[in-house]
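Coordinate inspection notes
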Amino acid sequence: MNRETEGTFLAFLGMFLYGIEPVVIKANPTNPMSFAAFSAIIASLILWPIVFSTSSWKEARESPQYIPKAALVGVFGTALAYIAYSYGAQLSTAINASLITRAEVLFSFVLSYIILREKITKNQILWSILILLGLTLVITQGKAIVPRKGDLLLLLVPLFWQSGHVIAKRLPYNPFLIAAFRNTFGGILLLLLALPRGLEFSKFAIAEALILSLGQVVWYLSIKRINLSKATAIITPAPAVAIGVAIVLGETFTSYHMIGFILITVGTLVVSRIKSELKESS
């Protein structure tokens, strides 16, 4: 299996892992900030033993100059993204939050093209928009989207995620080490912010930590092999996975679900076949 195929498969695996995450988050009965902090800290406690057992920690000792950048992955990708999402969702709606954060693929195109010098094709943009259209139908069920005050904050979430991903893709560290640093620094920052409101522990934080640790490692393994923009397009339908699970468990299946899932499936399969390339040097 070549790197392109491996990266594509890992991105699909990441899509399913992150697809079940909303189910866990929704089940959490505690303070969201406290939940996020405990989840990240527990994820780091899962990852560090793996880092030390595989000797990945030696990469940080040999190249300590990259540790501050690894910390920024946690600041942007975990702490700032979650803060913006938490407060933005309070001022908006669940539908707006689901759709706006999925605009991550558009931020990915811009940042990947400018910073990582990835080649973004017209077909990639077209099919990614088709995925977003399908996701819109699945989530909104054809109802109009009403702009809310928190939408601008929600728009920062995918920007923070992609900023962290861009930094992570350029780090020379093992994916386990990157994920360990991300959850450690991001978790500590969230823990400090959660303290004034009081800490509340939930068993669901353990489930979330397992998803975070495995999901992030799979994600970093993926973007080390294929373009960030391609990997992001593949995981864009993640919320539809949760909706699909709900339908299997007895939720009503509508024509909007059917059309949306068809568009998502076709778009994702086509995007997954696009080869990862860099821009030609001028």
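As the structure is a computational prediction, the values presented were derived from the model and not from experiment. (Residues numbered from 1 in each chain as written. Predicted model: local features only at pLDDT ≥ 70, side-chain atom pairs only at ≥ 80, totals over all residues. Heavy atoms only, no water.)

Considering the overall build of the chain
Secondary structure assignment for the chain yields 13 helices and 0 strands. Counting from the amino terminus, the chain carries its helices and strands in the arrangement α-α-α-α-α-α-α-α-α-α-α-α-α. Dimensions along the principal axes, computed over C-alpha positions, put the chain at roughly 55 × 55 × 35 Å. By the burial criterion, 49% of the 282 residues in the chain qualify as buried. A total accessible area of about 13,500 Å² is found for the chain, and carbon and sulfur atoms account for 69% of it. Charge centroids of the chain, computed over 23 positive and 13 negative side chains, lie 3 Å from each other. (Helix = DSSP H or I, 4+ residues; strand = E, 2+ residues; numbered from the N terminus. Buried < 20%, exposed > 50% of the residue type's maximum accessible area, 1.4 Å probe, protein only. Areas by Shrake-Rupley, 256 points an atom, 1.4 Å probe, with all protein chains shown as cover. Lys, Arg positive; Asp, Glu negative; His and termini not counted. Charge placed at Lys NZ, Arg CZ, Asp CG, Glu CD.)

Quick notes on the layout of surface pockets
Taken as a whole, the second largest pocket spans an internal volume of roughly 190 Å³. F12, M15, F16, P237, A240, V241, F261, I264, T265, T268 and L269 together form the lining of the second largest pocket. Of all the secondary structure elements, the ones that give two or more residues to the lining of the second largest pocket are α1 (3-27), α12 (238-248) and α13 (255-272). With 5 residues, the top contributor of residues to the lining of the second largest pocket is α13. Its residues assigned to classes, the lining of the second largest pocket comprises 9 nonpolar, 2 polar and no charged. (1 Å grid on protein atoms, 1.4 Å probe; cavity = no way out; pocket = protein on both sides within 12 Å on 5 of 7 lines; lining within 4 Å. Points joined across faces, edges and corners; volume = space filled by probe spheres on them. Nonpolar A, V, L, I, M, F, W, Y, C, P; charged D, E, K, R; others polar.)

Comments concerning the UniProt feature "transmembrane region" (unreviewed entry) in the chain
Per the UniProt annotation, the sites labelled "transmembrane region" (unreviewed entry) are residues 7-27, 33-54, 66-88, 94-116, 125-146, 175-195, 233-250 and 256-274. In the segment residues 66-88, helix accounts for 96% and strand for 0%; the C-alpha atoms at its two ends are 31 Å apart. Counted over residues 256-274, helix gives 89% and strand 0%. Its end C-alpha atoms are 27 Å apart. (UniProt positions renumbered as here; feature names shortened; annotations may be inferred.)

Section: helix α4 (residues 67-91)
A rise of 1.5 Å per residue sets the reference length of α4, with its 25 residues, at 36 Å; its end C-alpha atoms lie 35 Å apart and thus fit the reference within 8%. For α4, the principal kink sits at V75 and spans about 30 degrees. (Expected span 1.5 Å × (residues − 1). Bend = angle between axes of the 7 residues up to and from the residue.)

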